[in-house]
Amino acid sequence: MTMASLFVSMGIYFFKYCGFLTGGTAGIALMLQQIMPLSFGQLFFVVNLPFYYLAWTRMGKRFTFNTFTSVTIVSFCTDNLHYVFSLESINRYFAAVAGGLLIGMGILIMFRHVSSLGGLGVLSKYMQDRFGISAGKFQMSVDVCIVALGFFIVPLDLLLLSIVGAVSMNIVVAFGHKPGRYHIG
């Protein structure tokens, strides 16, 4: 889970450096960071808090503990990576693709180890179990809304590169994740 969290942290660090957005609770935290005086890590940690009860009651203790651990590591690492290395410059196209790939790989590893980035993934699973709404369609709808709100916060070129990053992340997850391979419990 530590390796997965480091992959995600690096990808988010690239996104944050370039001003990109993404979906999920990470996207909410990146967006709020642009308008609030708190760091990404602080916002990401806080935004995920309401979802732990749902995770505990719907997905079990192990999943909840692992997710809490992953979210905590990502929050801490993303805020402190600048102590380990600094980016003087990075090509925005590379950052969008590589950042998305890193986040996607981290998510796959988390799935394999009964963990997640929390938040909207937990809510998506709950919506599917409780109301029969496809978790993937629900997640995609919420992610589209989050990124669409970015239209009012970031310039169009950053929004388009944010979409490139989200697509590269989702390609990794779509091709790497096999339903039924990972069991939560």
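Residues numbered from 1 in each chain as written. Predicted model: local features only at pLDDT ≥ 70, side-chain atom pairs only at ≥ 80, totals over all residues. Heavy atoms only, no water.

### Describing the packing of aromatic side chains
The geometry of two aromatic rings is summed up by the distance between their centres and the angle between their planes. The final tally for this structure, using the stated rule, is seven aromatic pairs. Look at Tyr13 and Phe85: their rings are 5.2 Å apart centre to centre, the planes differ by 70°, and that puts the pair in the edge-to-face class. On the criterion of sequence distance, the pair formed by Tyr13 in helix H1 (residues 2–18) and Phe85 in the loop between helix H5 (61–80) and helix H6 (92–112) is long-range, its members being 72 residues apart. Owing to a relative accessible area of 25%, Phe85 belongs among the partly exposed residues under this scheme. Taking 6.4 Å as the distance between ring centres and 50° as the angle between the ring planes, the aromatic pair formed by Phe14 and Phe94 counts as tilted. Pair noted here: Phe14 is in helix H1 and Phe94 is in helix H6, with a separation of 80 residues, a long-range link. Its relative accessible area of 9% is what places Phe14 among the buried residues. (Phe/Tyr/Trp six-rings, centres within 6.5 Å; stacked < 30°, edge-to-face > 60°. Helix = DSSP H or I, 4+ residues; strand = E, 2+ residues; numbered from the N terminus. Buried < 20%, exposed > 50% of the residue type's maximum accessible area, 1.4 Å probe, protein only.)

### Some details on the nonpolar core
Among the nonpolar cores identified, the biggest contains 50 residues, and Ile12, Phe20, Phe40, Phe44, Val74 and Leu117 are the most heavily contacted of them. Beyond its immediate chain neighbours, meaning those up to four positions away, Ile12 contacts Ala26, Leu30, Phe40, Val74, Thr78 and Ile103. (Core = buried A, V, L, I, M, F, W, Y, C linked by side-chain atoms within 4.5 Å. Contact = heavy atoms within 4.5 Å.)

### A look at the pattern of salt bridges
Summed over the entire model, instances satisfying the criterion amount to one salt bridge. We note a salt bridge from Arg92 to Asp157, for which the minimum N-O separation is 3.0 Å. Within this pair, whereas Arg92 is found in helix H6, its partner Asp157 is found in helix H9 (residues 156–176), the two being separated by 65 residues in sequence. (Salt bridge = Lys/Arg side-chain N within 4 Å of Asp/Glu carboxyl O.)

### Considering the packing of H1 against H5
Relative orientation and spacing of two packed helices are given, respectively, by the angle between their axes and the distance between those axes. Two numbers describe how H1 lies on H5: the axes approach to 8 Å, and their chain directions differ by 45°. Comparing their axes, H5 and H1 come out oblique. Between H1 and H5 lies a crossing whose hand is right-handed. Contacts between H1 and H5 involve Thr2, Ser5, Leu6, Val8, Ser9, Ile12, Tyr13 and Lys16 from the first element and Ser70, Ile73, Val74, Cys77, Thr78 and Asp79 from the second. Of the residues contributing to the contact of H1 with H5, the split by class is seven nonpolar, five polar and two charged. (Axes fitted to C-alpha atoms, helices over the stretch in contact; angles between N-to-C directions. Parallel < 35°, antiparallel > 145°, perpendicular 65-115°, else oblique. Left-handed = near helix turned anticlockwise from the far one by under 90°. Nonpolar A, V, L, I, M, F, W, Y, C, P; charged D, E, K, R; others polar.)

### A word on a nonpolar patch on the surface
Taken together, the side chains of Leu149, Phe151, Phe152, Leu156, Leu160, Ile163, Val167, Ile171 and Phe175 present a nonpolar region at the surface, about 970 Å² in accessible area. Tallying contributions element by element places H9 first for the nonpolar patch, with six residues. Tracing the sequence through the fold places Phe175 in helix H9. Its relative accessible area of 64% is what places Phe175 among the exposed residues. (Patch = residues over 30% accessible without salt bridge, like charges linked within 9 Å, V, L, I, M, F, W, Y side chains within 5 Å. Areas by Shrake-Rupley, 256 points an atom, 1.4 Å probe, with all protein chains shown as cover.)

### With respect to the state of the cysteines
Across all of its chains, the model carries zero disulfides by this definition. The cysteine Cys18 is free of any disulfide, with Cys77 supplying the nearest cysteine sulfur at 19 Å. (Disulfide = S-S within 2.5 Å.)

### Some words on the environment of Met105
Of note, Met105 is situated in helix H6. A C-alpha to C-alpha distance of 9.8 Å links Met105 and Met3, two positions 102 residues apart in sequence.

### Structural notes on the packing of H1 against H6
At a minimum axis separation of 7 Å, H1 and H6 run at an interaxial angle of 155°. As far as their axial angle goes, H6 and H1 are roughly antiparallel. Of the two elements, H1 crosses H6, and the hand of that crossing is left-handed. The residue makeup of the contact of H1 with H6, split by class, is 19 nonpolar, five polar and one charged.

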